[in-house]
Amino acid sequence: NAGVMQNPRHLVRRRGQEARLRCSPMKGHSHVYWYRQLPEEGLKFMVYLQKENIIDESGMPKERFSAEFPKEGPSILRIQQVVRGDSAAYFCASSPDSMNTEAFFGQGTRLTVV
Amino acid sequence: TQLLEQSPQFLSIQEGENLTVYCNSSSVFSSLQWYRQEPGEGPVLLVTVVTGGEVKKLKRLTFQFGDARKDSSLHITAAQPGDTGLYLCAGLSNNDMRFGAGTRLTVKP
């Protein structure tokens, strides 16, 4: 059973371009969380999704950021018109179909905006 | 403001010493998790505590969940350089998982 897979591991974008970060949850997991981590800091919650639904997006910036978790395929975190301040490590975690269970993390995507 | 406050933020000790790090909140959680993260990697789950007052041991690591399920501590006995990393606590309630900012531990040989 493969773990949570994130790709790409490293992504470089110029200011104004779009960044797409992908997260394939563990098999059988239908809950996905996205977090952002700046160097030397902890994880900041961004969004929580279940299949085809956004449950909580209170941590997402109001503009330029969006997330989806379609019925088929990975969860996507999309950042439009990236700026230097978007440079960070973005982690996703997945958990099974029940409440308050353990979540497992991917290795993250490190986004660098130049 | 952080939902979960972790202290200390940084801790640097010598190999062989004992240490305790704390995770505190004003909110009640149905469960609380501790993770360790090494540079360039994702967090790795160490333990989940569910019951108020629960104590779990994992080799030299002892985890405790407060009676009121609002706080937790992690105690490491005879720390080793391999324990170096960022220790994160995460509280779960109503399908919501939120993290503290972490304690960055350095164990010097």
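These numbers come from a predicted model, not from an experiment.

## Comments concerning the side chain of Asp 83 of chain B
Here is step 1: Mapped onto the elements, Asp 83 of chain B comes out in the loop between β8 (71–76) and β9 (85–93).
Here is step 2: Discounting residues that sit within four places of it in the chain, Asp 83 of chain B has contacts with Arg 36, Arg 60, Ile 76, Leu 105 and Val 107 of chain B.

## Here we look at the pattern of salt bridges
Here is step 1: In total, this model carries seven salt bridges over all chains according to the counting rule given.
Here is step 2: Its salt-bridge partner being Glu 18 of chain A, residue Arg 20 of chain A comes within 2.9 Å of it at the nearest N-O pair.
Here is step 3: A relative accessible area of 35% means that Arg 20 of chain A is categorised as partly exposed.
Here is step 4: The class for Glu 18 of chain A is partly exposed, based on a relative accessible area of 29%.
Here is step 5: A salt bridge links Asp 83 of chain B to Arg 60 of chain B; the shortest N-O distance between them is 2.9 Å. With Asp 83 of chain B in the loop between β8 and β9 and Arg 60 of chain B in the loop between β6 (55–58) and β7 (61–65), this residue pair connects regions lying 23 residues apart in the sequence.
Here is step 6: A relative accessible area of 5% places Asp 83 of chain B in the buried class.
Here is step 7: Relative accessible area serves as the criterion here: at 24%, Arg 60 of chain B is assigned to the partly exposed category.
Here is step 8: When salt bridges that share partners are traced, they join Glu 18, Arg 20 and Arg 78 of chain A into one network.

## A look at the layout of surface pockets
Here is step 1: As a volume, the largest pocket reaches approximately 320 Å³.
Here is step 2: If you trace the largest pocket, you find 17 residues lining it, with Gln 37, Leu 38, Pro 39 and Glu 40 of chain A together with Gly 40 of chain B closest to the centre.
Here is step 3: Among the elements of the structure, β9 (88–95) and β11 (109–113) of chain A are those that each provide at least two residues to the lining of the largest pocket.
Here is step 4: Looking at the lining of the largest pocket residue by residue, the classes come out as eight nonpolar, four polar and five charged.

Scoring rules and cut-offs
Every chain begins its residue count from 1, and numbering advances along the sequence as written. Chain A is the first chain written and ligand 1 is the first ligand written, with later ones labelled in order. Under the rules for a predicted model, residues below a pLDDT of 70 receive no local features and side-chain atom pairs below 80 are neither given nor counted, while totals for whole chains, interfaces and linings still include all residues. Processing note: side-chain calculations cover all non-hydrogen atoms of the structure and skip hydrogens and water entirely. For the purposes of this entry, the term helix denotes a DSSP run of H or I that reaches at least four residues, the term strand denotes a run of E that reaches at least two, and both are numbered from the N terminus. The contact rule is simple, with two residues in contact once any of their heavy atoms fall within 4.5 Å. When a carboxyl oxygen of Asp or Glu is within 4 Å of a side-chain nitrogen of Lys or Arg, the pair counts as a salt bridge. Summary of the burial criterion: residues with accessible area below 20% of their type's maximum are buried, those above 50% are exposed, and those between are partly exposed, where the area comes from a 1.4 Å probe applied to protein chains only. The pocket and cavity definitions rest on a 1 Å grid over protein atoms only: a 1.4 Å probe that fits but cannot leave marks a cavity, an open set with protein on both sides within 12 Å along at least five of seven lines marks a pocket, and residues lining either have an atom within 4 Å of a point. Grid points are joined across faces, edges and corners, and a volume is the space filled by probe spheres set on the points. Residues are grouped as follows: nonpolar covers Ala, Val, Leu, Ile, Met, Phe, Trp, Tyr, Cys and Pro; charged covers Asp, Glu, Lys and Arg; every other residue, Gly included, is treated as polar.

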